[in-house]
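# Structural overview for review
Residues per chain are reported as follows:
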Amino acid sequence: MRQRAQTGEKNLWHGFISFSKEDSEKIDTPEKCIALVKQTFGQFFKDAGFDENNMDLMGALHLDALNTYIFITCFGKRNRR
């Protein structure tokens, strides 16, 4: 994924999902994080007009803050035209 991100002209998006204290307790393992991201982002890409098969997505679960959050980076696998 790193090589694909560094080659060619691509749009790159990043952001985060922050959870309330109550919801933070529900997303407390990498497996739960992965399940949530897979469940959510496929539909998000479709709704945003992206080809979900052309998108790379990487997330980092952070449990070391007051509230759990997931840092998200995504980009198209193929170059822009």
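Located above this text is the structure these notes cover.
Definitions and limits used
Residues numbered from 1 in each chain as written. Predicted model: local features only at pLDDT ≥ 70, side-chain atom pairs only at ≥ 80, totals over all residues. Heavy atoms only, no water. Salt bridge = Lys/Arg side-chain N within 4 Å of Asp/Glu carboxyl O. Buried < 20%, exposed > 50% of the residue type's maximum accessible area, 1.4 Å probe, protein only. Core = buried A, V, L, I, M, F, W, Y, C linked by side-chain atoms within 4.5 Å. Helix = DSSP H or I, 4+ residues; strand = E, 2+ residues; numbered from the N terminus.

Right, let's get into the pattern of salt bridges. Summed over the entire model, instances satisfying the criterion amount to three salt bridges. As a salt-bridge pair, lysine 26 and aspartate 23 come within 3.3 Å of each other at their nearest N and O atoms. Residue aspartate 23 is classed as partly exposed on the basis of its relative accessible area of 33%.

This paragraph deals with the nonpolar core. Of all hydrophobic cores here, the largest spans ten residues; its members are Phe19, Ile27, Cys33, Val37, Phe41, Phe45, Met55, Ile70, Ile72 and Cys74. Elements with a minimum of two residues in this core: helix H3 (30-47) and strand S3 (69-76). Of the residues forming this core, the biggest block, four residues, is contributed by H3.

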